[in-house]
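Coordinates in review
Now for the letters of each chain:
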Amino acid sequence: MSNLLAPSILAADFANLQRDVEMVNNSEADWFHIDIMDGVFVPNISFGMPVLKAIAKHATKTIDVHLMIVNPDQYIQTFADLGANILTVHYEACTHLHRTIQAIKDAGMKAGVALNPHTPIAVLEDVIEDLDMVCLMSVNPGFGGQSFIENTFKKVSQLRHLIDFTESECLIEIDGGVTSYNANALIEAGANVLVAGSFVFGAENPTQTIADLKKTIE
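Residues numbered from 1 in each chain as written. Predicted model: local features only at pLDDT ≥ 70, side-chain atom pairs only at ≥ 80, totals over all residues. Heavy atoms only, no water.

1. Re the overall build of the chain
Of the regular secondary structure elements, the chain holds 8 helices and 8 strands. Rg of the C-alpha trace for the chain: 16 Å, near the compact-globule value of 17 Å for 218 residues, within the 12% margin. Across its three principal axes, the chain shows a C-alpha extent of roughly 45 × 35 × 30 Å. Nonlocal contacts in the chain, meaning residues at least 24 apart in sequence, comprise 65% of its contacts between residues at least 6 apart. Side-chain charges in the chain split into 12 positive and 27 negative, and the spacing between the mean points of these groups amounts to 4 Å. (Helix = DSSP H or I, 4+ residues; strand = E, 2+ residues; numbered from the N terminus. Rg over C-alpha atoms; globule rule 2.2 N^0.38 Å. Contact = heavy atoms within 4.5 Å. Lys, Arg positive; Asp, Glu negative; His and termini not counted. Charge placed at Lys NZ, Arg CZ, Asp CG, Glu CD.)

2. Regarding the side chain of aspartate 64
As for its position among the elements, aspartate 64 is in strand 3 (residues 62-68). For the buried aspartate 64, no salt bridge is present, and the opposite-charge side chain at shortest range is lysine 110, 11 Å distant. A polar contact is formed between the side chain of aspartate 64 and the side chain of histidine 33, at a distance of 2.7 Å. Beyond its immediate chain neighbours, meaning those up to four positions away, aspartate 64 contacts Trp31, Phe32, His33, Ile34, Ile86, Thr88, Met133 and Glu173. (Buried < 20%, exposed > 50% of the residue type's maximum accessible area, 1.4 Å probe, protein only. Salt bridge = Lys/Arg side-chain N within 4 Å of Asp/Glu carboxyl O. Polar contact = N/O pair within 3.5 Å; in protein donor to acceptor, adjacent residues only side chain to side chain.)

3. Observations concerning the environment of leucine 131
Tracing the backbone through its elements, the reader meets leucine 131 in the loop between strand 5 (110-115) and strand 6 (133-137). Residue leucine 131 is classed as buried on the basis of its relative accessible area, which comes to 4%. For the pair leucine 131 and leucine 171, spaced 40 residues apart in sequence, the C-alpha separation works out to 8.5 Å.

4. Comments concerning the pairing of strand 5
Buried residues dominate strand 5, accounting for 5 of its 6 residues. Where strand 4 (residues 86-90) lies against strand 5, 5 bridges are found, and the strand directions are parallel. The residue bridging isoleucine 86 from the neighbouring strand is lysine 110, located in strand 5. (Pairing = 2+ DSSP bridges.)

5. Description of the pattern of salt bridges
The final tally for this structure, using the stated rule, is 4 salt bridges. Of the charged contacts, one joins lysine 214 and aspartate 30 as a salt bridge, the two residues approaching to 2.8 Å between their closest N and O atoms. Of this pair, lysine 214 sits in helix 8 (residues 206-216) while aspartate 30 sits in the loop between helix 1 (17-25) and strand 2 (31-37), and the two are 184 residues apart along the sequence. A residue is classified by how much of its surface remains accessible, and lysine 214, at 12% relative accessible area, is buried. Note that aspartate 164 is salt-bridged to arginine 160, the shortest N-O span being 3.4 Å.

What follows is the structure, encoded as structure tokens:
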């Protein structure tokens, strides 16, 4: 499987959202990464269901939804109905994680679990074989444009070891501070999917930046 690139819509121009969605459609990007924040689990509010519905109306690629919210269980079916293909919840927000994972799959989506920078890989040992993806936060969640946390490389290696040991087919996604300077090293450490927000949408030519990042991680 080739390595994947998922531009983060959180960094898009919300006043020109359809334009930016169509830019991703026409680029070499693989997925749309959609961050849903509630101002409770993280200290910021991004956007909710109406905006996701608008994005899904125009998106022609996989929609990867990352919930940074408390009580994600009550919204699982809602996000499935809105067109999410992958739904990622935070380990730190789920009291009954195994049940949540199964509910995501029962709703017809692939199931992901995100870990904050301080959360150890070991907490996933009992669910890794049930997961389609683990999202490692390489910044503290809640805001775009933060600097990459270098300890992420060690966590990627640890997670890759766990996945290989259990023969899981789980993907490793990296979210936060991804640029052309660390993308290749993350792939070499064992990652499969890179989320890039500010680096893509803040570029003078986002389409070319996506192409260059894809070439870097081939």
